[in-house]
2 protein chains.
Amino acid sequence: MEDQELYKKLQGMMDRREYAALRLAFAEMNEVDIARFMETLPPSRAVLAFRTLPKEAELGVFAELDAETQQHIIGLITDKEIADIIEDLWVDDAVDMLEEMPANLVQRVLGNSSAETRTLINQFLMYPEDSAGSIMTVEYIELRKSITVEDAIKRIRRTGEDRETVYTCYVTNDTRILQGVVTVKDLLLAHDSDLIEDIMEPDVIAVATTATQEEAARLMAKYDLIALPVVDGENRLVGIVTVDDAVDVLREEATEDFERMAAMAPSEKPYLKTSVFALAKNRLPWLLILLVTSMLVGVVLSHYEPMYATFPLLVTFIPMLTGTGGNAGSQSSTMIIRGMALGEIKMGDFLKVLWKETRVCLLVGLGLALANFVRLAIMLPGNWLLSLVVCLSLVVAVFVGKTIGSMLPMLAKACRIDPALVAAPLITTIVDGLTLVVYFNIAIQVLPH
Amino acid sequence: MEDQELYKKLQGMMDRREYAALRLAFAEMNEVDIARFMETLPPSRAVLAFRTLPKEAELGVFAELDAETQQHIIGLITDKEIADIIEDLWVDDAVDMLEEMPANLVQRVLGNSSAETRTLINQFLMYPEDSAGSIMTVEYIELRKSITVEDAIKRIRRTGEDRETVYTCYVTNDTRILQGVVTVKDLLLAHDSDLIEDIMEPDVIAVATTATQEEAARLMAKYDLIALPVVDGENRLVGIVTVDDAVDVLREEATEDFERMAAMAPSEKPYLKTSVFALAKNRLPWLLILLVTSMLVGVVLSHYEPMYATFPLLVTFIPMLTGTGGNAGSQSSTMIIRGMALGEIKMGDFLKVLWKETRVCLLVGLGLALANFVRLAIMLPGNWLLSLVVCLSLVVAVFVGKTIGSMLPMLAKACRIDPALVAAPLITTIVDGLTLVVYFNIAIQVLPH
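Just so you know, these numbers come straight off a predicted model, no measurement behind them. (Residues numbered from 1 in each chain as written. Chains lettered and ligands numbered in written order. Predicted model: local features only at pLDDT ≥ 70, side-chain atom pairs only at ≥ 80, totals over all residues. Heavy atoms only, no water.)

Asker: Give a description of the overall build of chain A that names residues and reports values.
Answerer: When you go through chain A residue by residue, the secondary structure sums to 22 helices and 6 strands. Taken against the 2.2 N^0.38 rule, which gives 22 Å for 449 residues, the C-alpha radius of gyration of chain A at 30 Å runs more than 25% over that of a compact globule. Principal-axis analysis of the C-alpha atoms places the extent of chain A at approximately 90 × 60 × 35 Å. Among the 449 residues that make up chain A, the fraction classed as buried is 53%. Residue pairs at least 24 apart in sequence account for 67% of intrachain contacts in chain A once pairs closer than 6 positions are excluded. Element-wise, carbon and sulfur atoms account for 58% of the exposed surface of chain A, whose accessible area totals about 19,500 Å². With 39 positive and 62 negative side-chain charges, chain A shows a separation of 3 Å between the mean positions of the two kinds. (Helix = DSSP H or I, 4+ residues; strand = E, 2+ residues; numbered from the N terminus. Rg over C-alpha atoms; globule rule 2.2 N^0.38 Å. Buried < 20%, exposed > 50% of the residue type's maximum accessible area, 1.4 Å probe, protein only. Contact = heavy atoms within 4.5 Å. Areas by Shrake-Rupley, 256 points an atom, 1.4 Å probe, with all protein chains shown as cover. Lys, Arg positive; Asp, Glu negative; His and termini not counted. Charge placed at Lys NZ, Arg CZ, Asp CG, Glu CD.)

Structure (structure tokens):
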């Protein structure tokens, strides 16, 4: 709500062409907040707002804008302005922007950048999407191990302006092989005459350019790093990933898992910015697949038509049995998928997980069966055989749910399929079908017909 | 797998009492990895391993251990060793540890700490659990605005050893009111004679001690901060939250949402370390609630017994209709709940969301109905009336699912209930019931009986 009021005030200034006041208001605002405001404007006004920005805020705001607004601005500003922006952006931000742009704009941007920048950008564009290489930055501080702390600090003070982070410095040799890492804290706490090689940490945690961005982010979370070096096949330093990008990756990956686990294709943009058509396109395919699988469950069910034609009461327990089996399954699959995503559960834990789930499901199944037994004793007194059928089926439903819910994601991972794809919805339909088969077979055995 | 091999090697050294070799191996390892190894050992061996650690690694390893292993060690080491640890730990780590400990151990720890540390710890223990206050650290660098850059750097070099981060320094006045922030990068890039007040950023993004840890973490993610100041009611600086803790909070909150959305109480520990009994306790209550609601769906269903006794074929479509309604609902609820957790969807967007979901559900519902119509035309040719009933019900199921799935989480939030609590499983049962009522009522109207 506060945001909305501020936006109205700023829009009022634009309506009244009070650009000096607008510029002052921008100067007081955080660049992230200015970007969020500009994203609410139509293209021509966004460009106007962009040109009103104080010079020193331009770049920070631009890097924060969403792809759409960046394109609008690039499309409407002069070649000279484009050149200024592209040369000053961190390479990783520039690459992010270009990856989302239509080809004609990419041409225009690259055409206005220096040969050096163009080479760098082209090299970045070659890293696979979602790889550590694609989110790294090349603006970091490199030191040699033979220099003193005093010289290192001088070097940082001289060159730090163009570096995304100065807090972690990397020690390399003549062929850029990574030899150690030293933090600015280490430098400040050492004596001026100490040598870098004496204070550096030689065991550096690093990732390969080809590692996934998730692996990089997880390593940073595990070891509490604010920057992670990225190396090529020969252990040569080629870039670093900074913690703010790692945080974004972790949040995006979690969102993708949430979406996949609810049977959707992951969306590229925030919900409110995704078109109705794109939302429908993300949701329809899985619903169709699940429609077909649940039709199969219907086919299974039709085999027992004589049974429920004789005992129509049996039908009223179907929602409870399939619901409970599905819920028990989605509990297990969620814990296992999340555990694997966090690196807490590995493939080697397969038997441990199976044994644990078996015991949990014994406790949970018996608890539910007891509750159900009491309910049936009150509501349908004397119907002991029916009660036996339903309670037994309930225990089996929980067992089937928990077993399939925990094993299927691990099997998927073993087959290199994203475990989140075989989450709750798919498991639910499988469990539904199996539960119903068991239910009606028990009923056929137990009930007189 | 690599981990397991390393653990075996280290355990072998312990078996053969090769403590010198073990110490050397530890010296080469990262403290996080040593902690993970020690957590796999039985208590008496964990203490042994702890005492083998190189002196300088003791504290870092201890802070990384899980609560259980920390307790084992605290229970078995001398008072002198406890005092050393507690005085040197960052206050937030010490508080984390004490919060998990049984009362007698807490007494022993506090009894062995200095009066100053004790006061600080007691003050921290008063902040509500999961508040920004409870995860902040008090070891940060404070500067006055009247000093020069040179003096500031000297101050950092003198006092930085005891500060968790030196990279963001906070500018306060005599009454500790927060006046600005200056990064070490700013200091290094400024001239020695510049005054702090000239280079500091006066608009500081800060949180209150009473804000939730989630709010703090989200602010840091939004503004790409590596430290966030925490202030009391009078804007006095009382602590900072560092980015590594914020990353942990974001991951934990996502995990909690995954668990709540799959109808479980959030677990305190990683899956493999949670006891079978605790897992069952987290899962059973929601399964019981859902058991009861799905029984109610059964009761609803029993009202239509005459109908499906006449047309048993109707029963075979139940899994498809309830499944599709439930899946459509969980898609919507997942997008909305995640969007709200990321701060992308706010309460004011209620109507926008409703309008968007209505259009999505028109597209998706018609797509599914068409697929279903084709299938029925092939498999049950000539049954046009039945086909009409099923297709119509399918569109309604998607509509009910999407509407309830998107609205219920927002209504929950408006009532200050965690939206994740009303996610997929609860929505599924409601949608199941409504869909079946609609299905059989359409059938009663359309089919001749």
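Now that the structure has been shown, we can carry on.
Asker: Report on the interface of chain A and chain B, specifying residues and quantitative values.
Answerer: Often, the extent of an interface is quoted as the loss of accessible area upon association of its parts. With 116 residues of chain A at the contact, the number on the chain B side is 115 residues. Together, the buried faces of chain A and chain B total about 10,100 Å²; carbon and sulfur atoms form 68% of this surface. The three residues of chain A that bury the most area against chain B are Arg157(A), Phe258(A) and Tyr271(A), which together make up 8% of that side's buried surface. Here chain A is connected to chain B by 6 salt bridges. The closest approach of N and O atoms between Arg283(A) and Glu357(B), which form a salt bridge, is 3.0 Å. (Buried area = accessible area lost by both parts, 1.4 Å probe. Salt bridge = Lys/Arg side-chain N within 4 Å of Asp/Glu carboxyl O.)

Asker: Outline the nonpolar core, listing residues and values.
Answerer: Membership of the largest hydrophobic core comes to 121 residues, with the highest contact counts inside it found for Phe26(A), Met38(A), Phe62(A), Phe26(B), Met38(B) and Phe62(B). Among all residues touching Phe62(B), those that are not within four sequence positions of it are Phe50(B), Gln70(B), Ile73(B), Ile74(B), Ile85(B), Leu89(B) and Met97(B). In terms of nonpolar packing, the next biggest core, distinct from the first, is built from 88 residues, Val360(A), Val390(A), Met410(A) and Tyr304(B) among them. (Core = buried A, V, L, I, M, F, W, Y, C linked by side-chain atoms within 4.5 Å.)

Asker: Explain the relation of the copies chain A and chain B to me, and be specific about the residues and the numbers.
Answerer: In screw terms, the move from chain A to chain B is a rotation of 180° and a rise of 0.0 Å along the axis, fitting with an RMSD of 0.1 Å. Taken together, the turn and the small shift mark the pair as related by a two-fold rotation axis. Across chain A, the smallest distance between a C-alpha and the rotation axis is recorded for Ala309(A), namely 3.0 Å. When the interface residues of chain A are mapped onto chain B, 99% of them again fall at the interface, so both copies present the same face. (Least-squares fit on C-alpha atoms with pLDDT ≥ 70 in both.)

Asker: Any chance you could break down empty space enclosed by the protein for me, citing the residues and the numbers?
Answerer: In the structure shown here, the tally under the stated rule is 4 cavities of 30 Å³ or more. As for the second largest cavity, its lining consists of 22 residues, and the residues nearest its centre are Leu250(A), Ala254(A), Leu250(B), Arg251(B) and Ala254(B). Among the secondary structure elements, those contributing two or more residues to the lining of the second largest cavity are helix H15 (213-222), helix H16 (243-261) and helix H19 (318-341) of chain A together with helix H15 (213-222), helix H16 (243-261) and helix H19 (318-341) of chain B. Looking at side-chain class alone, the lining of the second largest cavity contains 10 nonpolar, no polar and 12 charged residues. (1 Å grid on protein atoms, 1.4 Å probe; cavity = no way out; pocket = protein on both sides within 12 Å on 5 of 7 lines; lining within 4 Å. Points joined across faces, edges and corners; volume = space filled by probe spheres on them. Nonpolar A, V, L, I, M, F, W, Y, C, P; charged D, E, K, R; others polar.)

Asker: Before we move on, can you summarise the packing of helix H20 (residues 350-379) of chain A against helix H17 (residues 276-302) of chain B with the specific residues and values?
Answerer: When two helices pack together, their arrangement is given by the angle between the helix axes and by the axis-to-axis distance. Their axes nearest at 9 Å, the elements H20(A) and H17(B) cross at an angle of 35°. Classified by chirality, the crossing of H17(B) by H20(A) is right-handed. Here H20(A) contributes Lys356(A), Glu357(A), Arg359(A), Val360(A), Leu363(A), Val364(A), Gly367(A), Leu368(A), Ala371(A), Asn372(A) and Arg375(A) to the contact with H17(B), which in turn contributes Val276(B), Phe277(B), Leu279(B), Ala280(B), Arg283(B), Leu284(B), Leu287(B), Leu288(B), Leu291(B), Met295(B) and Val299(B). Looking at side-chain class alone, the contact of H20(A) with H17(B) contains 15 nonpolar, 2 polar and 5 charged residues. (Axes fitted to C-alpha atoms, helices over the stretch in contact; angles between N-to-C directions. Left-handed = near helix turned anticlockwise from the far one by under 90°.)

Asker: Outline the packing of aromatic side chains, supporting the account with residue identities and numerical values.
Answerer: Counted under the stated rule, the structure contains 18 aromatic pairs over all chains. Between the aromatic rings of Tyr167(A) and Tyr167(B), the centroid separation amounts to 4.2 Å while the plane-to-plane angle is 20°, which identifies the pairing as stacked. Remark: Tyr167(B) occurs in the loop between helix H12 (149-159) and strand E2 (168-172) and Tyr167(A) occurs in the loop between helix H12 (149-159) and strand E2 (168-172); the pair is interchain, linking two chains. Here Tyr304(A) and Phe440(A) contribute two aromatic rings whose centre-to-centre distance is 5.1 Å and whose plane-to-plane angle is 10°, an arrangement assigned as stacked. One end of the pair, Tyr304(A), is in the loop between helix H17 (276-302) and helix H18 (305-310); the other, Phe440(A), is in helix H22 (residues 424-446), with 136 residues separating them in the sequence. Each member of the pair, Tyr304(A) together with Phe440(A), is buried. Members of the aromatic cluster, connected to one another through ring pairs, are Tyr304(A), Tyr308(A), Tyr439(A) and Phe440(A). Sitting over the ring of Tyr271(B), Lys356(A) keeps its end group 5.8 Å from the ring centre. (Phe/Tyr/Trp six-rings, centres within 6.5 Å; stacked < 30°, edge-to-face > 60°. Lys NZ or Arg CZ within 6 Å of the ring centre and 35° of its normal.)

Asker: Describe in detail H16(B), supporting the description with residues and values.
Answerer: All names here are of chain B. In this model, H16 (19 residues) spans 27 Å end to end at C-alpha, consistent with the 27 Å of a helix rising 1.5 Å per residue. Across the 19 residues of H16, 16 count as buried, placing the element largely inside the fold. Two residues or fewer after H16 comes Ala 263, characterised by a positive phi angle close to 65°. (Expected span 1.5 Å × (residues − 1).)

Asker: Mind laying out the layout of surface pockets, listing which residues take part and the relevant values?
Answerer: Residue and element names in this part refer to chain A. Here the second largest pocket is characterised by a volume of approximately 560 Å³. Glu 214, Arg 218, Lys 413, Asp 418 and Pro 419 are, among the 19 residues lining the second largest pocket, the residues nearest its centre. Here the residues of the lining of the second largest pocket sort into 6 nonpolar, 2 polar and 11 charged.

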